[in-house]
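So you can see what is in the structure, the chains are spelled out below.
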Amino acid sequence: MKKLTLTIQAELEIPDNWELVEHSTGVFVLKVGDQFVDFDITPLVTASDEVDATWSDEDEDFTEEILDMVTGLDSRMEISYLQ
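Residues numbered from 1 in each chain as written. Predicted model: local features only at pLDDT ≥ 70, side-chain atom pairs only at ≥ 80, totals over all residues. Heavy atoms only, no water.

Caption draft 1: Fine view of the pattern of salt bridges. By the definition in use, this model includes one salt bridge. Note that Glu 78 is salt-bridged to Arg 76, the shortest N-O span being 3.0 Å. Across the pair, Arg 76 and Glu 78 agree in class, each one exposed. (Salt bridge = Lys/Arg side-chain N within 4 Å of Asp/Glu carboxyl O. Buried < 20%, exposed > 50% of the residue type's maximum accessible area, 1.4 Å probe, protein only.)

Structure follows, in structure tokens:
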């Protein structure tokens, strides 16, 4: 068995009224109106090698198989203001 380390960093420009709050579960999330938003990983799959291939997570069994291999997941959110 091998270990794959995946690092994903994303930057989003968000409206000023979105807030970073601590959810009752103890996780920091975005508060967008009446909804709470967190980010997770979902593997996307295609059987095509074409440039315009369609990627999806529609194969739920395979998606679950991949997600079952995740042994650790850490995420961090930070809001900074644009100058």
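Now that the structure is up, let's keep going.
Caption draft 2: Inspection of the environment of Ile 79 at higher detail. Following the sequence through the fold, Ile 79 ends up in the segment after helix H1 (60-68). Along the primary structure Ile 79 and Leu 12 are separated by 67 residues, whereas in three dimensions their C-alpha atoms are 9.6 Å apart. Residues in contact with Ile 79, not counting those within four places in the same chain, are Ile 14, Trp 18, Glu 19, Leu 20 and Leu 30. (Helix = DSSP H or I, 4+ residues; strand = E, 2+ residues; numbered from the N terminus. Contact = heavy atoms within 4.5 Å.)

Caption draft 3: A negative patch on the surface, seen in detail. Taken together, the side chains of Asp 57, Glu 58, Asp 59, Glu 60, Asp 61, Glu 64, Glu 65 and Asp 68 define an acidic patch exposed on the protein surface. On the secondary structure map, Asp 68 appears in helix H1. (Patch = residues over 30% accessible without salt bridge, like charges linked within 9 Å, V, L, I, M, F, W, Y side chains within 5 Å. Areas by Shrake-Rupley, 256 points an atom, 1.4 Å probe, with all protein chains shown as cover. Lys, Arg positive; Asp, Glu negative; His and termini not counted. Charge placed at Lys NZ, Arg CZ, Asp CG, Glu CD.)

Caption draft 4: A look at the pairing of strand E1 (residues 19-22). Where E1 and strand E2 (residues 28-32) come together, four bridges link them in antiparallel fashion. Among the inter-strand pairings, Glu 22 is bridged to a residue of E2, identified as Phe 28. (Pairing = 2+ DSSP bridges.)

Caption draft 5: A look at the sheet that holds strand E3 (residues 35-37). The strand order E1-E2-E3 describes an open sheet built from three strands, whose pairing is antiparallel. The sheet is open, and its two edges are formed by E1 and E3, each paired on a single side. On average, adjacent strands in this sheet sit at an angle of 45° to one another, irrespective of strand direction. (Axes fitted to C-alpha atoms, helices over the stretch in contact; angles between N-to-C directions.)

Read these as geometric descriptors, not functional statements.
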